[in-house]
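Below, each chain spelled out in residue letters.
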Amino acid sequence: MASAAFLFWLFFIPFILLGLGTFALGGVLAAPWVPLWKKDVRRMLELAEVKPGETVYDLGAGDGRIIIIAAKEFGATATGFEVAVLPFLWGYIKIKVLGLSKKAKLKYNNFFNQDLSQADVICVFLTPEAMKKLKPKFQKEKNKNCRIVSYAFKIPDWEPEKVSKGPGETSIYLYR
C-alpha cells in the first residue's frame, strides 16, 4: 500500500511541472506573468475611460485582476484570456468567490486565437515582441471605437493618443 507521502509527491510533482510548463508557454507566447499593482490597473482603466456596460478584454490576464476591477469598480463586462494554469486557476477561483461570474470571465485560451472585434477596451501588459505580433491582429479585428490600453510597452509604429506617467510610475499608453 502506498504511503500518503508517496501519493502526495506522485500528484504534487506533475502539478508543479504542469504549472511551470504553462508559465513558460505564457512567457514564450507573449509575456511571463508579472502581476500589476491595483493602483496601476485602475490607472489603465481610468485612462481608457471604461464605462458601465462596456466590454473589456484583457490579453494575458494572469490572475484576472484587471477583469475583476473592470467588472467590480467600473461596471464593465470583462473577459480575460490566459494560458498559464496556476494564475488562471487562482483568478477563476477569485471571480467565483467574489460573486462576479456574470460580469467577469477568465478563459483558459490563447488570445491570439480569439476574435477581438467585440471589445470596447483591450488591456495589455505584454512584451515588445508580443506587441509586434499583435499589431496586425489589432488592425484587422478591433472595431473603430475600441480603445487599447498598454502597460509599459508601446504598439510599434503607432502613436498613442494619451500617455499616463507620473513620478516613479510606469508609462501607460492609450490608442484608438
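In this text the structure is predicted, and so the values were computed from the model without any measurement.

Novice: Can you walk me through the overall build of the protein chain in this structure?
Specialist: Regarding its fold elements, the protein chain presents 5 helices and 7 strands. Tracing the protein chain from N to C terminus, the helices and strands come up as α-α-β-α-β-α-β-β-α-β-β-β. Sorting the 176 residues of the protein chain into buried and exposed places 46% on the buried side. The long-range share in the protein chain, meaning contacts at least 24 apart out of those at least 6 apart in sequence, stands at 65%.

Novice: Teacher, can you tell me more about the pattern of salt bridges here?
Specialist: When the charged atoms of two side chains lie near each other, side chains of opposite charge can form a pair. All chains considered together, the criterion is met by 12 salt bridges. Here Lys39 and Asp40 are joined by a salt bridge, their closest N and O atoms 3.6 Å apart. Classification of Asp40 as buried rests on a relative accessible area of 3%. Across the pair Arg43 and Asp40 runs a salt bridge, and its minimum N-O distance is 2.9 Å. Placement of the pair is Arg43 and Asp40 together in helix α2 (residues 38–47), with a separation of 3 residues, close to one helical turn. Like Arg43, the residue Asp40 is buried in the burial classification. Among the ionic contacts, a cluster of salt bridges with common partners joins Lys39, Asp40, Arg43 and Glu169.

Rules and cut-offs
- Residues numbered from 1 in each chain as written.
- Predicted model: local features only at pLDDT ≥ 70, side-chain atom pairs only at ≥ 80, totals over all residues.
- Heavy atoms only, no water.
- Helix = DSSP H or I, 4+ residues; strand = E, 2+ residues; numbered from the N terminus.
- Buried < 20%, exposed > 50% of the residue type's maximum accessible area, 1.4 Å probe, protein only.
- Contact = heavy atoms within 4.5 Å.
- Salt bridge = Lys/Arg side-chain N within 4 Å of Asp/Glu carboxyl O.

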